[in-house]
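Chain by chain, the residues run as shown.
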Amino acid sequence: AQSVTQLGSHVSVSEGALVLLRCNYSSSVPPYLFWYVQYPNQGLQLLLKYTSAATLVKGINGFEAEFKKSETSFHLTKPSAHMSDAAEYFCAVLGGGFKTIFGAGTRLFVKA
Amino acid sequence: NAGVTQTPKFRILKIGQSMTLQCAQDMNHNYMYWYRQDPGMGLKLIYYSVGAGITDKGEVPNGYNVSRSTTEDFPLRLELAAPSQTSVYFCASSGQGGGNTEAFFGQGTRLTVV
C-alpha cells in the first residue's frame with residue numbers, strides 16, 4: 001500500500017532563506033506524487049506533481065521538488081522564502097483506486 | 001469556472017442532530033472524495049466515489065453516509081452528530097486517472113458539534 005511521511009510538523013525559516021520540506025514515500029509501484037499547499041481558511045491547491053516525466057519538477061510560486069527513487073524521497077524546496085509562503089504543505093501519493101493519500105502536513109512559518 | 005463548490009461554509013450542530021454537507025463539481029470528473037481534516041492529522045478519507053452510483057468507504061467512514069446519483073453531486077450525510085465529528089470537511093474531485101489525477105478541492109465546511 002502506498003503512503004507518505006512528512007518529516008517535521010512545523011518548519012520555521014527567515015525571509016530570504018532556503019525552504020526545505022521533507023517527504024518520504026512508500027509505494028510498490030512507480031508512484032505519482034504531489035505537493036499541495038493550504039493557505040489559512042482555504043482548501044488545498046496543487047503546487048506541483050511528479051508523473052515520471054522528469055525527476056526535477058517545477059511548480060508554482062518558485063517551488064520545486066526532486067524525485068529520488070534511491071531515497072524514496074520527494075522533498076520540496078524554494079531558494080528564497082517570502083512571507084506569503086507561510087501556509088501548510090501536504091505531500092501526497094496516488095494510491096490504489098486513484099485515491100489520493102496525504103501526509104500529516106508541515107506548517108511553514110516565515111519570520112521577517 | 002466554479003470547480004468544486006461546498007455548502008455550507010460553517011455549521012454548528014447539536015449532538016444527535018443530522019445534516020447534509022453538499023458538494024458539486026462542474027469539471028465532469030468521475031472521482032469524488034470526502035476528507036476530514038483535524039489539527040496535526042492531515043486529511044483522512046471518509047468516502048469516495050469512482051462514478052455515479054458507485055461509492056466506497058475510506059479510512060474513517062463510521063458515522064457518515066454518501067450517495068452519488070449524478071456525476072456532479074456527492075453529498076455527505078451525518079445522521080447522529082457527535083462531538084468527535086467536529087472537524088473541517090473537504091470535498092475533492094479528480095479526473096479519469098493516471099498522472100493527471102491531481103485532486104481539486106472545495107473551500108471546506110467547518111463543522112462544530114456541541
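Anyway, here's the lowdown on the structure attached to this text. (Residues numbered from 1 in each chain as written. Chains lettered and ligands numbered in written order. Predicted model: local features only at pLDDT ≥ 70, side-chain atom pairs only at ≥ 80, totals over all residues. Heavy atoms only, no water.)

1. Observations regarding the overall build of chain A
Phase 1: Secondary structure assignment for chain A yields 0 helices and 11 strands.
Phase 2: Helices (α) and strands (β) of chain A occur, in sequence order from the N terminus, as β-β-β-β-β-β-β-β-β-β-β.
Phase 3: In summary, chain A has a C-alpha radius of gyration of 13 Å against a globular reference of 13 Å for 112 residues, a match within 12%.
Phase 4: The principal-axis extent of the C-alpha atoms belonging to chain A is close to 40 × 25 × 20 Å.
Phase 5: Counting over 112 residues, chain A shows a buried share of 44%.
Phase 6: If you take every contact in chain A between residues at least 6 apart in sequence, the share linking residues at least 24 apart comes to 55%.
Phase 7: About 5,200 Å² of surface is accessible on chain A, with carbon and sulfur atoms providing 54% of the total.
Phase 8: With 9 positive and 6 negative side-chain charges, chain A shows a separation of 6 Å between the mean positions of the two kinds. (Helix = DSSP H or I, 4+ residues; strand = E, 2+ residues; numbered from the N terminus. Rg over C-alpha atoms; globule rule 2.2 N^0.38 Å. Buried < 20%, exposed > 50% of the residue type's maximum accessible area, 1.4 Å probe, protein only. Contact = heavy atoms within 4.5 Å. Areas by Shrake-Rupley, 256 points an atom, 1.4 Å probe, with all protein chains shown as cover. Lys, Arg positive; Asp, Glu negative; His and termini not counted. Charge placed at Lys NZ, Arg CZ, Asp CG, Glu CD.)

2. Quick look at the interface of chain B and chain A
Quite often, the size of an interface is put as the accessible area lost when its parts meet.
Phase 1: Taken together, the contact pairs 23 residues of chain B with 21 residues of chain A.
Phase 2: At the boundary of chain B with chain A, total buried surface from both sides reaches about 1,700 Å², with 55% on carbon and sulfur atoms.
Phase 3: Applying the counting rule to chain B against chain A returns 1 salt bridge.
Phase 4: For the side of chain B that touches chain A, the secondary structure elements donating two or more residues are strand 4 (31-37) and strand 5 (43-51) of chain B.
Phase 5: Sorting elements by how many residues they give to the side of chain B that touches chain A places strand 4 of chain B first, with 4 residues.
Phase 6: Across the side of chain B that touches chain A, the residue classes break down as 10 nonpolar, 11 polar and 2 charged. (Buried area = accessible area lost by both parts, 1.4 Å probe. Salt bridge = Lys/Arg side-chain N within 4 Å of Asp/Glu carboxyl O. Nonpolar A, V, L, I, M, F, W, Y, C, P; charged D, E, K, R; others polar.)

3. Points about the pairing of strand 11 (residues 109-113) of chain B
Residue and element names in this part refer to chain B.
Phase 1: Along strand 11, the buried face is formed by T109, L111 and V113; none of R110 and T112, which line the opposite face, is buried.
Phase 2: Strand direction decides the pairing type here: strand 2 (residues 10-13) and strand 11, joined by 4 bridges, are parallel. The residue bridging F10 from the neighbouring strand is R110, located in strand 11.
Phase 3: With 3 bridges joining them, strand 9 (residues 87-94) and strand 11 adopt antiparallel strand pairing. Bridge pairing links Y89 to T109 in strand 11. (Pairing = 2+ DSSP bridges.)

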